[in-house]
Amino acid sequence: MEQAISTKEMASKWGTSSLLGTSNYKTLKGEKLGYQTAIMHLAPASLSGKNTCQSASDGCASACLNTSGLGCTSTSQNARINRTKFFFEDQQNFMLRLKKEIESKINSAERRGMTPAFRLNGTSDIKWEKVKFDDGFGVTQNIFEYFPDVQFYDYTKVPNRGKTPEPNYSLTYSRSENNDRFVADAMEDGQNIAVVFGKGEVPDKWTGPRGLTWPVLDGDYTDLRFLDKPKRVVGLSAKGKGAFDTSGFVLYGNGVLDMTKLDQYKNRALRDPSIIGQRKIGNDTFVPIQSKVNKKTASATAELLRQSGRRARVVEHKPTIGGRKKTAFAVYTPGVFARNNSGAKVALIRRSDRIRSYQRN
Ligand code: SF4
């Protein structure tokens, strides 16, 4: 009979002593409602060298929750990378160990008089319903089938996984800057949608890409998504690097561009390490107000600016996203960054040689 790897062996072979964790501030809030949630954190996107998020956008990979809270320490980051390597290099033993940890968490929840719940994609987007493994007794099933009475849940950006790929697995579809079509499909199917908004900018209602308007609930209150009412938008506040997102993944103001907040956009772009600096175009100085977006999004933003009487340029740049250099586009409009003592302005101008071309409009 195949045994799950011991903690000691896993620590020595894979550099991590557990697959599941229980404490983050949202799961602690869930405890007040009687649920003990265990979350597994792997390395998102291609951070480990293997892709755990097949539908990640440039914006979400860059702003990923992987960088929020305690997750941004190097110890956590290394553990996430090590777990991911374990999963890809020895999936059968990884799943056996996961099963064993789930059993142990169920026991500890029951001892505390609580209901266990599990989120396996804390910072990844793996289709767990497709991962079948042998339990050592000749039974081959996915993890949900081994625990039919236990509730699992996740957020996902992978389209067409459905609301409940298994009866005990609840999925909330997650919006990014490039998946409008799938957000609209999911809403039409009645699947709840998670949307990331700027800090303090979570609205009461949100209108999806095909015009459906749903109430927004506070997704930061608890993480227990399977308890949410149907036809809700789960409003999340940008955290970690997400607080500086300018890609369109995080929605500010009206969700596209709020003309009253141009100064805030400029400040975000200034703090974005991938963004190129201000440019002289003709007699004017242009500043970036959006970066790391695809050409279509950048052109739409530029058009919006022009409709409101401003000039705009779309500029190609080469940000590093998820550890790789990518081609993306930034939107420039006339303006200046305020001078300050940090030297940021000078540094940004020096990087202007990274500008490759202009799209003349
Ligand atoms: S936000 Fe989700 S899909 Fe995007 S990189 Fe992070 S875990 Fe992956």
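Residues numbered from 1 in each chain as written. Predicted model: local features only at pLDDT ≥ 70, side-chain atom pairs only at ≥ 80, totals over all residues.

### Side note on the overall build of the chain
- Helix and strand counts for the chain come out as 10 helices and 18 strands.
- With 361 residues in all, the chain has 41% of them scored as buried.
- Long-range contacts, defined here as pairs at least 24 residues apart, represent 65% of the contacts in the chain between residues at least 6 apart. (Helix = DSSP H or I, 4+ residues; strand = E, 2+ residues; numbered from the N terminus. Buried ≥ 20, exposed ≤ 12 C-beta atoms within 10 Å, placed from the backbone. Contact = placed C-beta atoms within 7 Å.)

### A word on the site of the ligand
- The full set close to the ligand counts 12 residues, and Pro44, Cys53, Ala56, Cys60 and Cys64 are the nearest of them.
- Here the shell around the ligand is built from residues that sort into 7 nonpolar, 3 polar and 2 charged. (Near = placed C-beta within 6 Å. Nonpolar A, V, L, I, M, F, W, Y, C, P; charged D, E, K, R; others polar.)

### Some remarks on the nonpolar core
- Ile193, Val195, Val196, Phe197 and Val250 are the most contacted members of the largest nonpolar core, which totals 57 residues.
- In terms of residues, this core owes the most to one element, strand 8 (residues 193-197), which gives 5 residues.
- In this view, isoleucine 193 contacts Tyr173, Arg175, Val183, Ala186, Met187, Gly208, Val233 and Val234; residues no more than four positions away in its chain are not counted.
- One finds Phe286, Val293, Phe329 and Val331 within the second-largest nonpolar core, a separate group that totals 15 residues. (Core = buried A, V, L, I, M, F, W, Y, C linked by C-beta atoms within 7 Å.)

### A short note on the sheet that holds strand 9 (residues 205-207)
- Pairing is mixed in the open sheet, where 9 strands are placed in the order 1-2-3-6-7-8-11-10-9. Each edge of the open sheet is held by one strand with a lone partner, namely strand 1 (20-21) and strand 9.
- The sheet contact formed by strand 2 (residues 35-40) and strand 3 (residues 115-119) spans 5 bridges and is parallel. Across the sheet, residue threonine 37 finds its bridge partner in strand 3, namely alanine 117.
- In this fold helix 5 (residues 91-111) packs onto strand 1, strand 2 and strand 3, with an angle of close to 145° to the strand it touches most, strand 3. (Pairing = 2+ DSSP bridges. Axes fitted to C-alpha atoms, helices over the stretch in contact; angles between N-to-C directions.)

### Quick look at the pairing of strand 10 (residues 213-218)
- Here 3 bridges tie strand 9 to strand 10, and the two strands are oriented antiparallel to one another. In the strand pairing of strand 10, tryptophan 206 is matched with tryptophan 214.
- Hairpin connection, strand 9 to strand 10: the antiparallel pair is bridged by 5 residues, and glycine 211 has positive phi, about 90°.

### Structural notes on unusual backbone geometry
- Notably, asparagine 160 is not glycine yet its phi reads approximately 65°, a positive angle.
- A count of 10 C-beta atoms within 10 Å places asparagine 160 in the exposed class.
- One non-glycine residue, lysine 231, adopts positive backbone phi at about 60°.
- The topology assignment puts lysine 231 in the loop between strand 10 and strand 11 (233-237).

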